[in-house]
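Structural overview for review
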Amino acid sequence: MNDLPRTDFSIKPTLVGRKVTLRPFLPDQDAPALRAILQDPEVGRLTGSDHGPVEPEPWNDAAEKQMRAWYGTRHEQSDRLDLAVVERASGVCVGEAVLNEWDGGNRSCSFRIALAPAGQDRGLGTEAVRLIVGYGFERLGLHRISLGVFAFNPRARRAYEKVGFVAEGVKRDALRYDGAWVDQITMSILGPEWERHRGRPAVAR
Ligand SMILES: CC(C)(COP(=O)(O)OP(=O)(O)OC[C@H]1O[C@@H](n2cnc3c(N)ncnc32)[C@H](O)[C@@H]1OP(=O)(O)O)[C@@H](O)C(=O)NCCC(=O)NCCS
């Protein structure tokens, strides 16, 4: 136990990869991408935020204020890690990656990620997952990181599998979307697995 890194979520690191950098939010700079995530109906569907097709709500001052208050306080959180995903080529924020629901006694937490449409399908998400999960194991000393992915989101599942997440169960009919029930697959990755493959498991290549 004593050789484990101290789990300190109050430190907000900058994690540099080949295609993306993960860094604390700069709300003024990152606002366009964060707005795009919150307003995109497809992101709302895939993350289970909506229960059917929706027209994006007209953006107004209150929504902008609420968004900035949220992202402007992420650096103050001592029990979770929220980082902006920034495309290195353009320097532009394309989304967010989050370790949350920390359970100190069990050295576990949850993970979630959302990229705005402009950031999707270019390998940025997979690399962002690898960076933050690696930080969780190597620097925060976590043992288990888990997530839920809906059955209608094979792209996300593939990205998670490429980093080493393993499907471990199904929450049946976890989401009602557009009149249909959708299963949610629980996936997890454990510290000893990460140590073996460092986010590049042979089976997923
Ligand atoms: C999920 C998400 C993080 C993935 O990041 P990304 O940058 O778009 O994905 P990547 O390009 O890194 O990798 C996607 C992989 O899925 C594959 N893929 C894409 N569409 C697919 C489909 N319909 N079925 C199976 N695999 C698919 C790609 O080919 C790629 O695999 P490969 O590298 O082996 O070819 C991002 O798309 C996103 O944020 N989407 C919107 C919100 C969301 O779904 N969040 C997750 C909720 S659980």
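**Brief notes about helix α3 (residues 61-72)**
Compared with the 16 Å implied by 1.5 Å per residue over twelve residues, the 16 Å span of α3 between its first and last C-alpha is a close match. Along α3, the positions that sit buried rather than exposed are A63, E64, M67 and Y71. On an axial view of α3, the arc spanned by its buried residues comes to 100°, and they lie on one face. Summarising the geometry of α3, the exposed residues directed more than 90 degrees from the buried face are D61, A62, K65 and Q66. Turning to α3, the residues buried within the fold contact α1 (27-39) and β4 (92-103). Capping the start of α3 is the job of one residue whose side-chain oxygen sits 3.2 Å from the backbone nitrogen of A62: N60.

**Digging into the nonpolar core**
Counting 35 residues, the largest nonpolar core has L22, L99, F111, I145, Y160 and F165 as its most contacted members. Sort the elements by how many residues they give to this core and helix α4 (residues 124-138) lands first, with eight residues. Excluding its chain neighbours within four sequence positions, the residues that come into contact with Y160 are F111, I113, V129, L147, V149, F165 and M187. Among the nonpolar cores identified, the runner-up in size contains nine residues, and A33, A84, V86 and C93 belong to it.

**Let's talk about the pattern of salt bridges**
Using the criterion set out here, one finds 13 salt bridges in the structure. With its nearest N and O atoms 3.6 Å apart, the salt bridge here joins R6 to D8. Its relative accessible area of 15% is what places D8 among the buried residues. Across the salt bridge formed by R198 and E138, the nearest N and O atoms sit 2.8 Å from each other. Within this pair, whereas R198 is found in the segment after α6 (191-197), its partner E138 is found in helix α4, the two being separated by 60 residues in sequence. The exposure class of E138 is partly exposed, given its relative accessible area of 40%. Beyond isolated ion pairs, a larger network of salt bridges with shared partners links D28, R35, E64 and R68.

**Concerning the sheet that holds β4**
The sheet built from eight strands is open, its strands ordered β1-β2-β3-β4-β5-β6-β8-β7 with mixed pairing. In this open sheet, the two edge strands, each paired with only one partner strand, are β1 (15-16) and β7 (166-177). Set on the sheet, helix α5 (residues 154-163) makes contact with β5 (108-115), β6 (144-150), β7 and β8 (180-190); between it and β8 the angle comes to about 10°.

The rules behind each value
- Here the residue numbers are simple positions, counted from 1 along each chain's written sequence.
- A pLDDT threshold of at least 70 governs which residues receive local features in this predicted model, and a stricter bar of 80 or more applies before side-chain atom pairs are shown or counted, although totals over entire chains, interfaces and linings include all residues.
- Each side-chain value is worked out from all heavy atoms of the structure, with water and hydrogens disregarded.
- For helices the rule is a DSSP run of H or I covering at least 4 residues; for strands it is a run of E covering at least 2, with both sets numbered from the N terminus onward.
- One fewer than the residue count of a helix, multiplied by 1.5 Å, yields its expected span.
- Three exposure classes are used, based on accessible area relative to the maximum for each residue type with a 1.4 Å probe and protein chains only: buried under 20%, partly exposed in between, and exposed over 50%.
- In this description, one arc is meant: the one made by directions from the helix axis to the C-beta atoms.
- Any two residues whose heavy atoms approach within 4.5 Å are treated as being in contact.
- Whenever two N or O atoms come within 3.5 Å, that pair is a polar contact, provided that in protein one can donate a hydrogen and the other can accept it, and provided that, for residues adjacent in sequence, both atoms are side-chain atoms.
- Nine residue types can take part in a nonpolar core, namely buried Ala, Val, Leu, Ile, Met, Phe, Trp, Tyr and Cys, and a core is a set of them joined through side-chain atoms within 4.5 Å.
- In the sections that follow, a salt bridge refers to a side-chain nitrogen of Lys or Arg positioned within 4 Å of a carboxyl oxygen of Asp or Glu.
- For two strands to be treated as a pair, DSSP must find at least two bridges joining them.
- Between the N-to-C directions of two axes lies an angle of 0 to 180 degrees, each axis being a line fitted to C-alpha atoms and, for a helix, fitted only over the stretch in contact.

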